[in-house]
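# Fold and geometry: a report
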Amino acid sequence: MKITSVKAHVLKPNERKFRWKEEWAPMTIHHVLLRIGTDEGHEGVCITWLLDPGAIETALPGLRELLIGRDPHEVEAISYKLTDSLRSPSAVASTVDICLWDLMGKYHKEPIYRLLGAARPRIKAYASTIMYDTVPEYIQIAQESYDQGFRAFKLHAFGVPDKDIEVCRAVHKVFNGKMDLMLDPVNAYDRLGAFKVGKVLEELDFYWYEAPIADSDLNGLADLTRSFKIPITAVESVAEGLRGYPKYLSGHVVDSIRSVGDWIGGISAMRKAAGLCEAFNTKYEPHSYGTTLVQAAHLHVMLAIHNCDLFEIPVPQGILDVGMTDVIRCTSDGFVEAPTKPGLGYDIDWDAIKTLTVKEI
């Protein structure tokens, strides 16, 4: 099997506006579909939301030179070369890696997690919010999530300690005992604010406390980790990806490692990160927020490892399901089931892609 084509579709931007902190302006989400085809008619695909349309257009000539004529089974050689040549992880390298794993799964007629070494057939899901303006809106989305089957719920709140304490207390009052609760202020606090919120979250028995301060503040994170029984999780924003994790693990700076698989190098990088964390007897809890196929890439890794508890689903469900026939949903008992189709295991709606495409490269 040899790669014969590398193509991309720039899709219409997502009309829904996202923001993660009170002071941030709403963001428009761009989507790109990358397609890697072979001489045997298989095609590896990924619709990503982190890939700048300009970046993929710039990268495509070099990608074609690197990929065409190669066997997709050489994914490690290809992904390593891409990451090394770019000097750091990137959405380009990550999207290529995901496409290659999708290709291999389709060639072998197996879901990717089975090629990685299946560890389990399902994983518990948690609902992960966008940012809302008021406490009642958080209560409403928590109720909707519970009604849909979720038994774990994460707030992306205001990024302001006192306001976040208010919303956490309010959600806890309604859903304590019904759902595991988590807070992610997206690195918004200073140390004093982080400790103030942490004391309340510990009192409320939250499941974890995510990204309270800057990931670069190793001393501050270590202080929080030593001070609270509630698990401290972080590290999503570490620019060097996998190579940046040892200092967090060797010093027990955090209780678990978060990562963005569609940034750090795709499925290949995530499986390495999981093994690194396992060697330190540490949880690896990848962020799986994104488009359906980005979520699927994370899901396959999670189903192939033991040191991961939860799979992240954006709510309201469907807000990033662009151009898909199949989607990932929480079951009525709060889990996500392993896909059964080969590769990533979720089919693209090609009629929708035709409508959404603003530029084909």
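Please read these numbers as outputs of a predicted model, since none were measured by experiment.

### Remarks on the layout of surface pockets
Of the volumes computed, that of the second largest pocket is approximately 210 Å³. The wall of the second largest pocket is formed by 14 residues, among which T83, L242, R243, A269 and K272 lie closest to the centre. If you list the elements that add at least two residues to the lining of the second largest pocket, you get α2 (75-85) and α11 (266-279). It is α2 that contributes the most residues to the lining of the second largest pocket, four residues altogether.

### Considerations on the pattern of salt bridges
Scanning all chains against the criterion turns up 25 salt bridges. A salt bridge links E76 to K272, with the nearest nitrogen and oxygen atoms 2.9 Å apart. A residue pair is termed long-range when its members are at least 10 positions apart, and E76 in helix α2 and K272 in helix α11 qualify at 196 residues. Owing to a relative accessible area of 36%, E76 belongs among the partly exposed residues under this scheme. Under the relative-accessibility criterion, K272 is labelled partly exposed at 37%. In this structure, K247 engages E240 in a salt bridge whose closest nitrogen and oxygen atoms are separated by 3.1 Å.

### Concerning the state of the cysteines
A full pass over the atoms with the stated rule returns zero disulfides. C277 forms no disulfide, and the closest cysteine sulfur to it belongs to C308, at a distance of 10 Å. Residue classification places C277 among the buried positions, given a relative accessible area of 0%. C330 forms no disulfide, and the closest cysteine sulfur to it belongs to C308, at a distance of 15 Å.

### Observations regarding the packing of helix α3 (residues 91-108) against α11
It is the contact of α3 with α11, at a shortest axis distance of 6 Å, that shows an interaxial angle of 95°. Here α11 runs roughly perpendicular to α3, going by the angle between their axes. Between α3 and α11, the contacting residues are S94, D97, I98 and W101 on the first element and G266, I267, S268 and R271 on the second.

### Thoughts on the side chain of E43
Tracing the chain through its elements places E43 in strand β3 (residues 43-48). One polar contact links E43 to R35, side chain to side chain, over a distance of 3.0 Å. Apart from the residues lying within four places of it in its own chain, the contact partners of E43 are R35, I36, G37, D102, L103, K106 and W350.

### Details of α11
The terminal C-alpha atoms of α11, which comprises 14 residues, lie 20 Å apart, in line with the 20 Å expected from a rise of 1.5 Å per residue. All buried positions along α11 are accounted for by G266, I267, S268, A269, M270, A273, A274 and C277. Taken from the residues just after α11, N281 is the one with a positive phi, measuring 55°.

The rules we used
- Along each chain, residues carry numbers from 1 onward, in the same order as the chain's sequence is written.
- The predicted nature of this model means local features are confined to residues of pLDDT at least 70 and side-chain atom pairs, given and counted, to a pLDDT of 80 or more, with totals for whole chains, interfaces and linings taken over all residues.
- In computing side-chain values, all of the structure's heavy atoms are included and hydrogens and water are not.
- Cavities and pockets were defined on a 1 Å grid built over protein atoms only: a cavity is a set of grid points that admits a 1.4 Å probe from which the probe cannot escape, a pocket is an open set flanked by protein on both sides within 12 Å along at least five of seven lines, and lining residues are those with an atom within 4 Å of any such point.
- Grid points are joined across faces, edges and corners, and a volume is the space filled by probe spheres set on the points.
- To qualify as a helix, a DSSP run of H or I must reach at least 4 residues; to qualify as a strand, a run of E must reach at least 2; elements of each kind are numbered from the N terminus.
- Each reported salt bridge corresponds to a side-chain nitrogen of Lys or Arg within 4 Å of a carboxyl oxygen of Asp or Glu.
- Per-residue accessibility, obtained with a 1.4 Å probe over protein chains only, is compared with the maximum for each type, and a residue is labelled buried under 20%, exposed over 50%, and partly exposed between these values.
- The definition used for a disulfide is geometric: two cysteine sulfur atoms within 2.5 Å.
- Convention adopted: a line fitted to C-alpha atoms gives each axis, helices being fitted over their contacting stretch, and angles between N-to-C directions are expressed from 0 to 180 degrees.
- Throughout this description, any angle smaller than 35 degrees is read as roughly parallel, any larger than 145 degrees as roughly antiparallel, any in the 65 to 115 degree range as roughly perpendicular, and the remainder as oblique.
- By the convention used here, residues are in contact when the closest approach between their heavy atoms is within 4.5 Å.
- As used in this structure description, the phrase polar contact means that two N or O atoms lie within 3.5 Å; if the pair is within protein, one of them must be able to donate a hydrogen and the other to accept it, and residues adjacent in sequence are counted only when both atoms belong to side chains.
- Helix span is expected to be 1.5 Å times the residue number reduced by one.

By themselves these figures say nothing about function.
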